Amino acid sequence: MLIATWNINGLGARFEFLVYWLKARRPDVVGLQELKATADNVPIPALEDLGYHAAVCGQKAWNGVAVLSRHPIEEVQSGLPGEEEAGARLLRVKTAGLDFTTVYCPNGKDIDHLDYPRKLAWFDSLRDYLGGSLGADESAVLCGDFNIAPTRLDTHDEDRLAGGIHHTEAERERFRALLDLGFVDLFRELHPETVKFSWWDYRFGAFHRNLGLRIDFLLATEAVRERVQEVETDRDYRKKKEGLIASDHAPVMARLGA
DNA sequence: ATGACGACAAACTGTCGA
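Residues numbered from 1 in each chain as written. Chains lettered and ligands numbered in written order. Predicted model: local features only at pLDDT ≥ 70, side-chain atom pairs only at ≥ 80, totals over all residues. Heavy atoms only, no water.

Some words on helix α5 (residues 169–179)
The complete set of buried residues in α5 reads E171, R172, R174, F175, A177 and L178. Looking at the buried residues of α5, the elements they touch are α3 (115–131), β8 (140–145), α4 (158–161), β9 (184–185) and β12 (216–220). (Buried < 20%, exposed > 50% of the residue type's maximum accessible area, 1.4 Å probe, protein only. Helix = DSSP H or I, 4+ residues; strand = E, 2+ residues; numbered from the N terminus. Contact = heavy atoms within 4.5 Å.)

Observations concerning the pattern of salt bridges
Working definition: two side chains of opposite charge can pair if their charged atoms are close together. Applying the stated criterion to the full structure yields 21 salt bridges. Across the salt bridge formed by R214 and D154, the nearest N and O atoms sit 2.7 Å from each other. Of this pair, R214 sits in the loop between β11 (212–213) and β12 while D154 sits in the loop between β8 and α4, and the two are 60 residues apart along the sequence. Considered together, R214 and D154 belong to a single accessibility category, that of buried residues. The structure contains a network of salt bridges with shared partners spanning R92, K94, D99 and E138. (Salt bridge = Lys/Arg side-chain N within 4 Å of Asp/Glu carboxyl O.)

A look at the environment of T155
Turning to its location among the elements, T155 is positioned in the loop between β8 and α4. Along the backbone, T155 and W199 are 44 residues apart, and their C-alpha atoms lie at a distance of 9.9 Å. When residues no more than four places from it in sequence are discounted, the contact partners of T155 are A149, L161, H167, F197, G212 and L213. Among the polar contacts listed, one links the side chain of T155 to the backbone nitrogen of D157, at a separation of 3.3 Å. (Polar contact = N/O pair within 3.5 Å; in protein donor to acceptor, adjacent residues only side chain to side chain.)

Digging into the side chain of Q33
Examined against the element boundaries, Q33 turns out to sit in strand β2 (residues 29–33). Overall, Q33 belongs to the buried group, its relative accessible area being 0%. For Q33, the side chain forms a polar contact with the side chain of T5, separated by 3.0 Å. Polar side-chain contacts of Q33 include one of 3.2 Å to the backbone nitrogen of N7.

Considerations on the packing of aromatic side chains
On inspection of all chains with the given rule, the structure shows 9 aromatic pairs. Here the aromatic rings of F17 and Y237 are separated by 6.3 Å at their centres, their planes lie at 90°, and the arrangement is edge-to-face. On the criterion of sequence distance, the pair formed by F17 in helix α1 (residues 11–25) and Y237 in the loop between β13 (228–233) and β14 (252–256) is long-range, its members being 220 residues apart. Grouping residues by exposure puts F17 and Y237 together as buried. Measuring from centroid to centroid gives 5.5 Å for F146 and F217, while their planes differ by 50°, and the two rings are tilted. Highlighted residues: F146 in the loop between β8 and α4 and F217 in strand β12, separated in sequence by 71 residues. Note on accessibility: F146 and F217 belong to one class, buried. One aromatic cluster is present, built from ring pairs that chain together W6, F17, Y20, W21 and Y237. Across from the ring centre of Y52, 5.6 Å away, lies the NZ or CZ of R70, which sits over that ring. (Phe/Tyr/Trp six-rings, centres within 6.5 Å; stacked < 30°, edge-to-face > 60°. Lys NZ or Arg CZ within 6 Å of the ring centre and 35° of its normal.)

Observations concerning the protein's contact with DNA strand B
Taken together, 27 residues are adjacent to DNA strand B, and E34, Y104, N107, H166 and F204 come closest. Take R160: an N or O atom from its side chain is 3.2 Å from a base oxygen of DNA strand B. At a separation of 3.3 Å, a sugar or linking oxygen of DNA strand B approaches a polar backbone atom of Y202. The element best represented in the surface near DNA strand B is α1, accounting for 3 residues. (Near = heavy atom within 4 Å.)

Observations concerning the sheet that holds strand β1 (residues 2–7)
Here we have 6 strands laid out as an open sheet, ordered β3-β4-β2-β1-β14-β13, and mixed in their pairing. Each end of this open sheet is capped by a strand with a single partner; those strands are β3 (53–57) and β13. This sheet shows a mean twist of 10° between the axes of neighbouring strands, independent of strand direction. In this structure, β13 lies alongside β14, joined through 5 bridges in antiparallel fashion. Within the sheet, the bridge partner assigned to E232 lies in β14 and is M253. α1 contacts β1, β2, β4 (65–69) and β14 of the sheet and is inclined by roughly 160° relative to β1. (Pairing = 2+ DSSP bridges. Axes fitted to C-alpha atoms, helices over the stretch in contact; angles between N-to-C directions.)

Quick notes on the nonpolar core
Grouped together as the largest cluster of nonpolar side chains are 26 residues, with contacts concentrated most on L11, L18, W21, L22, L32, L35 and L68. For this core, the elements supplying multiple residues, two or more each, are β1, α1, β2 and β4. Among the elements that make up this core, the one with the highest residue count is α1 (7 residues). Once you skip the residues sitting within four places of it in the chain, L18 turns out to touch W6, L11, L32 and L68. Counting 25 residues, the second-largest nonpolar core is a separate cluster that includes V29, C57, V67 and F100. (Core = buried A, V, L, I, M, F, W, Y, C linked by side-chain atoms within 4.5 Å.)

Rendered as structure tokens:
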């Protein structure tokens, strides 16, 4: 079974590219972020034709998350409780035997911006919400765009960027607090020393110079981690495909055994 | 190296992203 997370940067702009990727990789379950679309803008019949069920937590223009699954989906939670003002950023479902949550965590903009303390507070809310509802032996996945580079291995320039947005100790504490709930970072578990990014700026020729960040994660509980065979960043799909423009994020995928 | 890119809403420019 293949699970994945992907910030697609606009469902309307990316749908054809998304279909292309779904056909190529055939993931069983995928968490999508940054739909920038409402639920009724999601082309459900086209997804059904490809064999996917869909659950959507959307809003106009910004944010928005969804789960696509080749297995039936039971929606558990749409929106992070207490953080409604931050937008459509969390969706939790049961599918394929998993407690599967996908999140689009706030960016924060800059450490001097009002959005930065709001970002930290949002992570506190996420920890409190999950901490109160996560079963110890559960097969749970928490995936998405976390907008935090957890360690110096997860950024192209720790020396220059440390202390700035995505690289502050306060953000990194928030990330570790999620791990403390019983999650592990699947990519880092399998590749303790590997520098591989999941996001590259559209500007500066950043992708081709590999000036990126690893901010998209598949976190999972031990029951899932035991099943993991491989984890990879689908870097090839950060590239233009048949004239279609890619997202600025690459998908991150994990192969699970039975 | 902070400009370059791209999406979106609304309007042909501004805001946001990370």
